[in-house]
Amino acid sequence: MKFRLERDVIADAVAWTARTLPTRPSMPMLAGLLIEATDQQLMLSSFDFEVSGRVLVNADVMEPGRVLVSGRLLADISRLLPAAPVTISVEGSRVEVTCGRSSFTLPTLPVDDYPSLPDMPGSSGTVPGSVFAHAVAQVAIAAGRDDTLPTLTGVRVEILDNTITLAATDRYRLAVREFPWTPANTSLDVQALVPARTLADTAKSLAGCDEVHLALAASGASDGLMGFEGDGRRTTTRLLDGEFPKYRALLPSESATTATVDTAALVEAVKRVSLVAERNTPVRLMFADGEVELRAGTGDEAQANESLECSVDGAAIEIAFNPQYLQDGLSALDDATTHLSFTTATRPAVLTGGSQASSPSYRYLLMPVRLSS
Amino acid sequence: MSRSQITRGARLTQADVSTDDPVIDGARDDDGCNILHVDMDAFYASCELRSRPDLVGKPVIVGGDGSRGVVTAATYEARRYGIHSAMPMSRAKRLCPAVIVLPPNFALYTEVSAGVMAIFRDVTPYVEPLSLDEAFLDVSGARRRLGPSADIADMIRARVVDEQGITCTVGVAPTKFIAKLASTRAKPDGRLVVPTDRVITFLHPLPVGSLWGVGDKTEQALTRLGLATVGDVAHTPVDTLIRAIGQAAGTHLYELAWGRDPRPVVVPEGEKSIGAEETFPRDIDDPELVHREILRLSERVASRLRHQGLVSRTIVLKVRFADFTTISRSRTLRSGTDISREVYATARDLYDALGLERARIRLVGVRAEGLTEADDSPRYMFLDEPEIGWREAEQAVDKASARFGKGAVQPARLLDTGSSDGFGGAPVAPRPPR
């Protein structure tokens, strides 16, 4: 095998493929990156039985072939190579990487036992990469990180005709986002639970694509995979098992108080005031009379106080939140103004973007912190 | 009862501190002697004797009487037979067949202890309890009000006898370390003042084992250097000590040997932890039984949390195996809890995560740490948590227990009573034949 291509092309392709390589592979060969050179095309693949990655790039192939090398090492090398064409060739049981006046020789891994990558699931459709990346980022923030509750570390993906709904919760907050897509065939009704971290990484890495193909087997025929593809890059991930909480029932249908506030100003105020909120203590918000007053710190400890303008509709309410969770939600809204609605100080509050108050596409549900028994 | 003790106490005080002792008992020159170490005499046993005057003067020990029982306290009469605390009960009975064994009653000891600590806090706010029956007091402020430290010590001893009907011993010295040595020397029912200028003469003849931090290993190392007394250590170059026993220990012992101990009396901030543990009557390996015991201990710990208005953020599980190796695992929760179910769920998860393949277990314990007042502690709730949930249910259980007695309402799994095998009547699987 022998081929040549530009440094930036190989560096990008290797970095993208090596992204999902396991740091502690269960089998040594899974730390490898598979290089397959065919007719003027180069295919790089990685797979750890959970996530697969595959990228196709054009290359000047002098001799076709197939080889497995350490992905981590190849990624490190290609990232730092000088700006010059890169030649990669197999010499016996070793791979030689040459670029300008620098050259590397890497050992190869046995390629014959390398597992074949899963195929993309059947049904699919497309969505602009930037829309998908933004929607996933808004939701993944609320996913749980506790591996003892695996179901909550996933993002629920629901596809119904031309609408996709994403939802994630760690039981303290819930983020739900709806967005339209273009399905290849109509009357789709499928659901899946995708590992949040993989989904967020994948969506981010495909954000630059004009079109991202999403593929999910129709319910019932599910082979437990979701696939993503754009600009010659393809990823599949295994789905999570388990029953996602029935989150729709948690969304309050009515509210006693609503408030609208400048998002950036509220984020800044929360950041400042929560400086004195020691680990685990909440920030209190008092909505009344055209302003919201933020307070944190108790008793003999340091205390902080700040108020800002805010239009309040309905009964005055004092409610306390974990400052980080509140900031997460405000940042994820990505809207100049934030609309908050409350029922009571012990029931979840809903944050939505002020510019789409009537029919919000994104909702961030946040459970308050109870202050005393 | 108290009269006889006072008389006996007075005699012992006289007898205990001999006139050729380098330390003057009742010395008035107690400048700088601001630290008191107060230690109850044979505390658990003394508490028991309050209600059993017929046993005064007899060898009495307190402890579990089962096959696994150990002596938790022994009267001085029992100690004359060589009985001491932590000794297996069976051994104690061999040493003194006539010994009277009383079962422990921790509720009583806690109550007496609270009374004693209250007396201390009348004297000074600077009270550092070390256990139920001993505490350090810093009386530097109280002396202006109450007179010399020696008088304060006598006043405390008199009040403890008078109000609680038990005796104690007080060591008075410039530092914690010397105060503790002094009370040990003056036991029982005594008082010893070690003035600043007598510290060295008091300390140097003592064996090296008296130094705080010297265990068997260090003692051996010092003996190899030919150091038998504290004075020997004090007159050894500190570098030699460091070479023999290490930098930290060497410096530490040298300082102590010259009576230097900078540790202040520290008033604990609230209660540090609440725990309960259980030694099984025999080692068990059935996870089902361990779970049930963890549930019982969790109920006990959480009910104490609720009773004291505290919540805990860190739950600790302790497991001691048949070979006495002991491990503990802890998990910190998102927010403090006083809910039995949460304590149990956390402790059980910690146990399950050990992945024990039927290892034989001798003891399990559940402890709640990171305690804060429930009223000022934020409580993180789940989105799908009902407003009235387990916490409220358990508060109702507490009320029922207060009215109808402990265990009026309890988890069904713990209901099986009536058996005294310590497993709450659970059938214990017979050991499979080998």
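Reading the values: rules and limits
- Residues numbered from 1 in each chain as written.
- Chains lettered and ligands numbered in written order.
- Predicted model: local features only at pLDDT ≥ 70, side-chain atom pairs only at ≥ 80, totals over all residues.
- Heavy atoms only, no water.
- Pairing = 2+ DSSP bridges.
- Helix = DSSP H or I, 4+ residues; strand = E, 2+ residues; numbered from the N terminus.
- Axes fitted to C-alpha atoms, helices over the stretch in contact; angles between N-to-C directions.
- Contact = heavy atoms within 4.5 Å.
- Left-handed = near helix turned anticlockwise from the far one by under 90°.
- Nonpolar A, V, L, I, M, F, W, Y, C, P; charged D, E, K, R; others polar.
- Buried < 20%, exposed > 50% of the residue type's maximum accessible area, 1.4 Å probe, protein only.
- Right-handed = clockwise from strand over helix to strand, strands pointing away.

Colleague: I'd like a rundown of the sheet that holds strand E21 (residues 291-296) of chain A, residues and numbers included.
Modeller: All names here are of chain A. Taken in spatial order, the four strands line up as E22-E21-E20-E24 in an open sheet, and their pairing is antiparallel. Unpaired on one side and paired on the other, strand E22 (304-309) and strand E24 (317-321) mark the two borders of the sheet. Between one strand axis and the next, the sheet turns by 20° as a mean value, whatever way the strands run. With five bridges joining them, strand E20 (residues 283-288) and E24 adopt antiparallel strand pairing. For Leu-285, the partnering residue across the bridge sits in E24 and is Ile-319. Sitting on the sheet, helix H5 (residues 263-273) is in contact with E20, E21 and E22, with an inclination near 170° to E22.

Colleague: Got a sec to walk through the sheet that holds strand E5 (residues 127-131) of chain B? Specific residues and values, please.
Modeller: All names here are of chain B. As summarised here, the arrangement of the five strands in space is E5-E6-E1-E7-E8, forming an open sheet in which the pairing is mixed. Two strands lie at the open edges of the sheet, namely E5 and strand E8 (191-193), each paired on one side alone. Taking the axes of each pair of neighbouring strands and ignoring which way they run, one obtains an average angle of 15° across the sheet. Alignment of E5 against strand E6 (residues 134-138), held across four bridges, turns out to be antiparallel. Bridge assignment links Glu-128 to a residue of E6, and that residue is Phe-136. Packing against the sheet, helix H8 (residues 176-186) makes contact with strand E1 (35-40), E5, E6, strand E7 (168-173) and E8, and its axis sits at approximately 140° to E7.

Colleague: I'd like a description of the packing of helix H14 (residues 287-307) of chain B against helix H15 (residues 340-353) of chain B, backed by residues and values.
Modeller: When two helices pack together, their arrangement is given by the angle between the helix axes and the distance between those axes. All names here are of chain B. Packing of H14 against H15 brings their axes to within 8 Å, and their N-to-C directions diverge by 140°. Judged by the sense of rotation from one axis to the other, the crossing of H14 with H15 is right-handed. Seen from H14, the contacting residues are Pro-287, Val-290, His-291, Ile-294, Leu-295, Ser-298, Glu-299, Ala-302 and Arg-306; seen from H15, they are Ser-340, Val-343, Tyr-344, Ala-347, Arg-348, Tyr-351 and Asp-352. Taken together, the residues of the contact of H14 with H15 break down into nine nonpolar, three polar and four charged.

Colleague: For the pairing of E7 of chain B, give the residues involved together with the corresponding values.
Modeller: All names here are of chain B. Burial runs high along E7: six of the six residues are buried. Burial of E7 is two-sided: the residues Cys-168, Val-170 and Val-172 facing one way and the residues Thr-169, Gly-171 and Ala-173 facing the other way are all buried. With six bridges connecting them, E1 and E7 associate as antiparallel partners. Within E7, the residue paired with Ile-35 across the bridge is Ala-173. Bridge count for E7 against E8 is three bridges, and the pairing is parallel. Bridge pairing in E8 links Val-172 to Val-193. The handedness of the E7 to E8 crossover, carried by H8, is left-handed.

Colleague: Describe unusual backbone geometry, listing the residues and the values that go with them.
Modeller: Residue Lys-187 of chain B is joined to Pro-188 of chain B through a cis peptide bond whose omega torsion reads -10°. Tracing the backbone shows Pro-188 of chain B in the loop between H8 and E8. In this structure, Arg-171 of chain A is a non-glycine residue whose phi angle is positive, near 80°. Turning to its location among the elements, Arg-171 of chain A is positioned in the loop between strand E12 (163-169) and strand E13 (173-180). With a relative accessible area of 28%, Arg-171 of chain A lands in the partly exposed category.

In short, the description is geometric, and any link to function would need to be established separately.
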